[in-house]
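# Structural description and commentary
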Amino acid sequence: GNSVTQMEGPVTLSEEAFLTINCTYTATGYPSLFWYVQYPGEGLQLLLKATKADDKGSNKGFEATYRKETTSFHLEKGSVQVSDSAVYFCAPPWAGRRALTFGSGTRLQVQP
Amino acid sequence: DTGVSQDPRHKITKRGQNVTFRCDPISEHNRLYWYRQTLGQGPEFLTYFQNEAQLEKSRLLSDRFSAERPKGSFSTLEIQRTEQGDSAMYLCASSLGRVHTDTQYFGPGTRLTVL
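Attention in this report is confined to the structure presented alongside it. (Residues numbered from 1 in each chain as written. Chains lettered and ligands numbered in written order. Predicted model: local features only at pLDDT ≥ 70, side-chain atom pairs only at ≥ 80, totals over all residues. Heavy atoms only, no water.)

### Considering the sheet that holds strand S3 (residues 19-21) of chain A
All names here are of chain A. The line we're drawing: DSSP calls a pair of strands paired once it identifies at least 2 bridges connecting them. The way it works is that DSSP assigns letters per residue, a run of H or I at least four long becomes a helix, a run of E at least two long becomes a strand, and they are numbered from the N terminus. Interaxial angles span 0 to 180 degrees and are taken between N-to-C directions of axes, which are lines fitted to C-alpha atoms, for helices over the stretch in contact.
Spatially, four strands are ordered S3-S9-S8-S7 in an open sheet, and the strand pairing comes out antiparallel. Two strands lie at the open edges of the sheet, namely S3 and strand S7 (56-59), each paired on one side alone. Across the sheet, the axes of successive neighbouring strands diverge by a mean angle of 20°, strand direction being ignored. Taken together, the three bridges between S3 and strand S9 (residues 75-77) define a ladder with antiparallel strand orientation. For Leu 19, the partnering residue across the bridge sits in S9 and is Lys 77.

### So, the layout of surface pockets
Under the convention used in this document: Each cavity reported here is a set of points on a 1 Å grid over the protein atoms alone in which a 1.4 Å probe fits but cannot get out, each pocket an open set with protein on both sides within 12 Å along at least five of seven lines, and each lining residue one with an atom within 4 Å of a point. Grid points are joined across faces, edges and corners, and a volume is the space filled by probe spheres set on the points. Gly is put with the polar residues, along with every residue not named as nonpolar or charged; the nonpolar set is Ala, Val, Leu, Ile, Met, Phe, Trp, Tyr, Cys and Pro, and the charged set is Asp, Glu, Lys and Arg.
The computed volume of the largest pocket comes to approximately 570 Å³. Lining the largest pocket we find 27 residues, and of these Gln 38 of chain A together with Gln 37, Leu 39, Gly 40 and Arg 111 of chain B sit closest to its centre. Grouping the constituent residues of the lining of the largest pocket by class yields 10 nonpolar, 13 polar and four charged.

### Observations concerning the side chain of His 29 of chain B
Residue and element names in this part refer to chain B. Using the following cut-off: In the analysis that follows, any N or O atom pair within 3.5 Å is treated as a polar contact, provided that within protein one partner can donate a hydrogen and the other can accept it, and provided that, for residues neighboring in sequence, both atoms belong to side chains. Throughout, a contact is declared for two residues whenever any of their heavy atoms are within 4.5 Å.
Within the secondary structure, His 29 is located in the loop between strand S3 (19-24) and strand S4 (31-37). At a separation of 2.7 Å, a polar atom in the side chain of His 29 contacts the side chain of Ser 94. Residue contacts for His 29: discarding those within four places in its chain leaves Arg 69, Ser 94, Ser 95, Leu 96 and Tyr 105.

### Some words on the state of the cysteines
Our working definition: Two cysteine sulfurs form what is called a disulfide whenever their separation falls within 2.5 Å. Any residue under 20% of the maximum accessible area for its type is buried, any over 50% is exposed, and the rest in between are partly exposed; the area is computed with a 1.4 Å probe on protein chains only.
As enumerated under the stated definition, the model contains two disulfides over all chains in all. In this model, Cys 23 of chain A is linked to Cys 90 of chain A through a disulfide, with the two sulfur atoms separated by 1.9 Å. Here Cys 23 of chain A and Cys 90 of chain A share a disulfide; its torsion about the S-S bond, -60°, makes the bridge left-handed. Separated by 67 residues along the polypeptide, Cys 23 of chain A in strand S4 (residues 23-26) and Cys 90 of chain A in strand S10 (residues 86-94) bring together distant segments of the chain. You can call Cys 90 of chain A buried: its relative accessible area is 1%. Covalently, Cys 23 of chain B is tied to Cys 92 of chain B through a disulfide, its sulfur atoms 1.8 Å apart. Across the disulfide from Cys 23 of chain B to Cys 92 of chain B, rotation about the S-S bond amounts to roughly -65°, and the bridge is consequently left-handed.

### A closer look at the sheet that holds strand S7 (residues 65-68) of chain B
Residue and element names in this part refer to chain B. Strand order in the open sheet made by the four strands is S1-S3-S8-S7, with antiparallel pairing throughout. Lying at the two open borders of the sheet, with one neighbouring strand each, are strand S1 (5-7) and S7. Each strand of the sheet is rotated relative to its neighbour by a mean of 15°, with strand direction disregarded. Pairing analysis gives five bridges linking S3 to strand S8 (residues 75-79), with the strands arranged antiparallel.

Structural data, given as structure tokens:
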């Protein structure tokens, strides 16, 4: 079945530092890929998604490119802010037919 | 579009009691999912519905758990004879369910504490 391997946290950065959270996957077919974010005390929110190879999803300064050749969907942001402190989940490849289990997420802590 | 709503937001119960949670999906969303999330972990899939039909159940969903979506709109998740291990955040999500690029939208969750 489809699965995802996500970088373990916590990741601690200073404000304005560059962020990369690695995510690789195994999948059959041509799935969509997602990053979700969970801010402290809040529910899961969709951060960005990409629906086909070489697509770049972007939102709130975050970007991730769907790399079919390396089966990766790494999350990046050029300059993190304290308000980006949250847990980030690379969601499993989604082919629209069944729900799968998320990884344990990567906790990001941004210090002023 | 008011988003996915869940009720109650918090529930404290004693071991052995039954509890029921409700989820109202985004209107016109055909698919509805239930997940469970424990502290420090990602969501674990429990079950999902396509309209009123329950299409898949995780092995996590023991016989003490039952979910319904009687009219293809809101859904309920009932846990009978609760155990301390049932303490978790119960998340509901919904999606259009029409294309493979579907996005799941999550509700705020119901936090269950079993004493």
